[in-house]
Structure formats: C-alpha cells, structure tokens
Protein chains: 2
Amino acid sequence: MLRVSKFTDYAVVVLSRLEAEGGVQTAPGLAAGTGIAEPTVAKVLKMLSQAGVVEGLRGARGGYRLLRPLASLGLSEVIVAMDGPIALTACVDGGFGFCEAEQTCPVRGRWDPVNAAIRGALSAIMVSEIASPMPARRAVPQPVLAAE
Amino acid sequence: MLRVSKFTDYAVVVLSRLEAEGGVQTAPGLAAGTGIAEPTVAKVLKMLSQAGVVEGLRGARGGYRLLRPLASLGLSEVIVAMDGPIALTACVDGGFGFCEAEQTCPVRGRWDPVNAAIRGALSAIMVSEIASPMPARRAVPQPVLAAE
DNA sequence: TGCAATCCGGACTGATAAGGTCCCCTTTAA
DNA sequence: TTAAAGGGGACCTTATCAGTCCGGATTGCA
C-alpha cells in the first residue's frame with residue numbers, strides 16, 4: 001500500500017492537541033492528552049522541532065509550542081519531517097549512483113513528474129484540514145495505521 | 001519515505017517491454033529482455049493479469065499480451081494492482097474496525113481528502129509517460145528502488 | 001494420445017526497514 | 001542545588017517486503 005509512516009499520523013494528532021491546548025505543552029502532558037506512548041510523543045516532537053514546525057523550550061517549565069498555526073502548515077511539511085523527502089523511488093532529483101542499470105534504465109528520470117504531482121497534491125492540504133476539530137481528551141493509543 | 005513497492009517499478013518496466021515488443025510474450029522472454037529475474041517477472045505478470053491490465057494465455061505457445069495501450073493506462077491502476085488500494089492510512093473509506101480509538105480519534109475520516117488528492121494526481125499520469133522510450137534490450141537487473 | 005511448454009495459485013524464507021523503548025547529557029527555573 | 005524538562009543517540013523487536021520455489025491446470029503440437 002502506498003502509505004506514510006505512523007509517525008506522520010502521530011504528528012498530526014500531537015500537533016492538533018498542541019494547537020487545541022495552546023501555549024507551551026510538555027511531552028508527557030501531550031502524551032497523556034493524546035493517549036500515545038510518551039517516548040513516542042517525545043520522538044515525534046523532537047523531529048518536528050528539527051523541522052522547525054515546533055519549538056522546544058528546555059529546562060524546568062519547558063515544553064513545546066507551535067511556531068505556526070496549523071492552518072498555514074502544509075501536510076507535505078509534516079510528511080517530509082517524519083518520513084524524509086517525498087520521492088516514490090530513489091531515481092529522483094538526479095542520479096545518486098545507487099542504480100546499477102543507470103545507463104540502460106528505460107524509466108530513468110521518468111518518475112520525476114510523478115513525484116512532483118504527489119508533492120503538489122500534498123502541499124495544497126493544510127494540517128488543520130485533517131486535525132480539527134478535536135475533543136478535549138483522548139483515551140486510547142492511536143493506531144490510525146496502514147493495515148492492508 | 002513515501003514510496004511505492006519495487007513491484008510497481010518492475011511492472012512499469014515489464015509493461016514497457018511488452019508494448020515495445022508487441023503481440024504475445026512469455027514470462028521467461030520478458031525476463032531476459034528486461035534483465036529482471038524470471039520468478040519476479042512471473043509474479044508481476046500474474047498480478048497484472050489479475051488486475052486486468054494484461055491477459056495471460058495458457059498452454060504451449062502461451063504468454064501475456066497487453067489489453068490496453070500504455071497511453072491509456074493510468075499509473076494509479078498499476079499501483080493499485082501491485083500495492084493494493086491507494087490509501088495513506090487504514091482509516092479510510094469508512095471504518096474497517098481496525099482502529100481501537102475510533103470513537104475518540106480526532107482525525108477520523110479526515111485522511112479521505114488526502115487520499116483523494118493522491119489518487120487524482122496519479123490517475124492523471126499515464127504509464128506511457130514513464131515507460132517510453134525504451135532501448136531494444138536491457139542487460140542489468142533493475143534496482144530503481146527506494147533507498148531513502 | 002501423449003508430451004512439452006506455459007500460465008496459475010499459493011506457500012515459504014531471508015532481508016530490510018519501521019516502530020518503539022531506553023539511556024545519558026544538557027539546559028534552566030525555582 | 002535540585003528537579004523538571006528537552007536533545008541526541010543507540011538499541012532491540014517485529015512486521016512487511018522482496019524474492020524463490022513448488023505442484024497443478026491448461027493447451028498446442030507431433
């Protein structure tokens with residue numbers, strides 16, 4: 001199945017919670033609020049922090065806060081932060097030297113428009129379109145996963 | 001990484017070869033022509049046959065032939081045939097009962113527009129746009145894979 | 001009528017990556 | 001000074017993918 005990682009799903013949930021609460025929230029607090037295991041939430045927030053989506057405030061009374069409203073945060077940014085660059089195959093954006101059949105490969109460079117189409121489709125969707133509205137509190141872990 | 005399986009990649013190559021040769025081709029013949037291992041080619045063709053993209057002709061002098069020109073074959077059809085339905089998560093097209101947090105899930109049903117956007121983007125691309133043009137013969141296996 | 005070529009369907013196994021947890025260090029407010 | 005919190009990385013487990021193989025069914029040809 002064409003899919004994104006679970007972390008992307010988690011990230012949307014955590015971001016949604018973060019915006020609903022507002023201000024600075026701690027990782028343990030968000031874990032309790034979302035029902036996702038605390039180490040996992042911490043990992044998600046670390047990745048989002050590195051991507052510049054949230055800001056981590058260290059020290060006692062620290063936590064995380066949103067740097068941008070979810071309405072202006074493209075879903076593709078979250079996917080890139082969690083899953084890496086959006087590219088259906090490795091033969092993309094110029095050769096990486098991975099492909100042994102580079103000289104004779106009939107689809108060489110041909111996946112580019114496909115990736116561009118995917119990127120375009122995902123960039124047009126904001127996280128807020130997926131995340132809202134949210135109840136005050138969730139109980140169970142969040143297996144919004146790809147089963148197939 | 002957001003990616004498709006290698007089989008999708010193989011399928012495009014095999015279909016490209018099939019159209020270039022024309023008529024009925026055997027699995028071993030296509031394996032030799034593409035450089036992909038024969039059991040793998042056979043598996044790909046079986047899946048494409050089940051999807052109605054190619055037709056399998058049994059018996060001596062059997063083989064496979066295209067049912068439609070690649071110019072009218074959407075890439076999404078190939079992806080669906082190889083990877084299953086295009087859905088970034090399982091919480092799609094109505095509940096499957098997989099999700100324990102179904103009642104409280106804040107993103108419940110929200111991935112639908114995302115999946116629809118992806119499907120739309122992929123449906124607009126024809127296999128022929130990726131597959132052509134092709135040399136007469138290829139030598140090396142075809143690791144056009146997702147390496148991250 | 002038998003034989004050989006070919007597809008059909010599924011089962012099996014190894015490799016790869018994802019998912020998740022834990023640890024120690026740094027930072028900072030009380 | 002201490003405790004609360006994030007930062008960074010290593011680690012292990014498990015699921016899924018990729019690839020192979022086998023027996024059976026079907027059909028053309030000698």
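As the structure is a computational prediction, the values presented were derived from the model and not from experiment.

(A) Structural context of the protein's contact with DNA strand D. If you check the shell around DNA strand D, you find 25 residues, and the closest are Lys 46 and Tyr 64 of chain A together with Lys 6, Tyr 10 and Lys 43 of chain B. By atom count, sugar and phosphate contribute 65% of the portion of DNA strand D lying within 4 Å of the protein. Between Ala 60 of chain A and DNA strand D, the recorded distance is 3.4 Å, taken from a backbone N or O atom to a base nitrogen. Ala 60 of chain B places a polar main-chain atom, nitrogen or oxygen, 3.2 Å from a base oxygen of DNA strand D. Of all the elements in the fold, those that place two or more residues in the surface near DNA strand D are helix H2 (27-34), helix H3 (38-50), strand E1 (54-57) and strand E2 (63-66) of chain A together with helix H1 (6-21) and helix H3 (38-50) of chain B. Taken together, the residues of the surface near DNA strand D break down into ten nonpolar, ten polar and five charged.

(B) Structural view of the protein's contact with DNA strand C. In the vicinity of DNA strand C, 25 residues are found, and the nearest of them are Lys 6, Tyr 10, Lys 43 and Arg 58 of chain A together with Tyr 64 of chain B. Protein-adjacent atoms of DNA strand C, using a 4 Å cutoff, are sugar or phosphate at a proportion of 71%. Between a phosphate oxygen of DNA strand C and a side-chain N or O atom of Thr 40 of chain A, the distance comes to 3.2 Å. One of the side-chain nitrogen or oxygen atoms of Arg 58 of chain A is found 2.8 Å away from a base oxygen of DNA strand C. Counting only elements with at least two residues in the surface near DNA strand C, the list comes to helix H1 (6-21) and H3 of chain A together with helix H2 (27-34), H3, strand E1 (54-57) and strand E2 (63-66) of chain B. In terms of residue class, the surface near DNA strand C is made up of ten nonpolar, ten polar and five charged.

(C) Structural detail: H3 of chain A. Residue and element names in this part refer to chain A. With 13 residues, H3 extends 18 Å from end C-alpha to end C-alpha; this agrees with the ideal 18 Å at 1.5 Å per step. All of the buried residues along H3 are Val 41, Val 44, Leu 45, Met 47 and Leu 48. Projected onto a plane normal to the axis of H3, the buried residues spread over an arc of 160 degrees and lie on a single side. Exposed and oriented more than 90 degrees from the buried face of H3 are Pro 39 and Gln 50. Packed against the buried residues of H3 are H1, H2, E1, E2 and helix H4 (75-83). Note on H3: the residue one or two positions beyond its end, Gly 52, has a positive phi of about 80 degrees.

(D) Expanded view of the side chain of Thr 34 of chain B. All names here are of chain B. Topologically, Thr 34 is positioned in helix H2. Using a relative accessible area of 0% as the deciding quantity, one classes Thr 34 as buried. Looking at Thr 34, its side chain comes within polar contact range of the main-chain oxygen of Leu 30, at 2.8 Å.

(E) Geometry of the environment of Arg 65 of chain B. Residues and elements named next belong to chain B. Considering the arrangement of structural elements, one finds Arg 65 in strand E2. For Arg 65 and Glu 19, which are 46 residues apart along the polypeptide, the C-alpha to C-alpha distance reads 8.4 Å. With residues near it in sequence (within four places) discarded, Arg 65 still touches Leu 18, Gly 23, Val 24, Val 54, Glu 55 and Leu 57. A distance of 2.5 Å separates a polar atom in the side chain of Arg 65 from a polar atom in the side chain of Glu 55.

Reading the values: the criteria
Residues numbered from 1 in each chain as written. Chains lettered and ligands numbered in written order. Predicted model: local features only at pLDDT ≥ 70, side-chain atom pairs only at ≥ 80, totals over all residues. Heavy atoms only, no water. Near = heavy atom within 4 Å. Polar contact = N/O pair within 3.5 Å; in protein donor to acceptor, adjacent residues only side chain to side chain. Helix = DSSP H or I, 4+ residues; strand = E, 2+ residues; numbered from the N terminus. Nonpolar A, V, L, I, M, F, W, Y, C, P; charged D, E, K, R; others polar. Expected span 1.5 Å × (residues − 1). Buried < 20%, exposed > 50% of the residue type's maximum accessible area, 1.4 Å probe, protein only. Arc of directions from axis to C-beta. Contact = heavy atoms within 4.5 Å.

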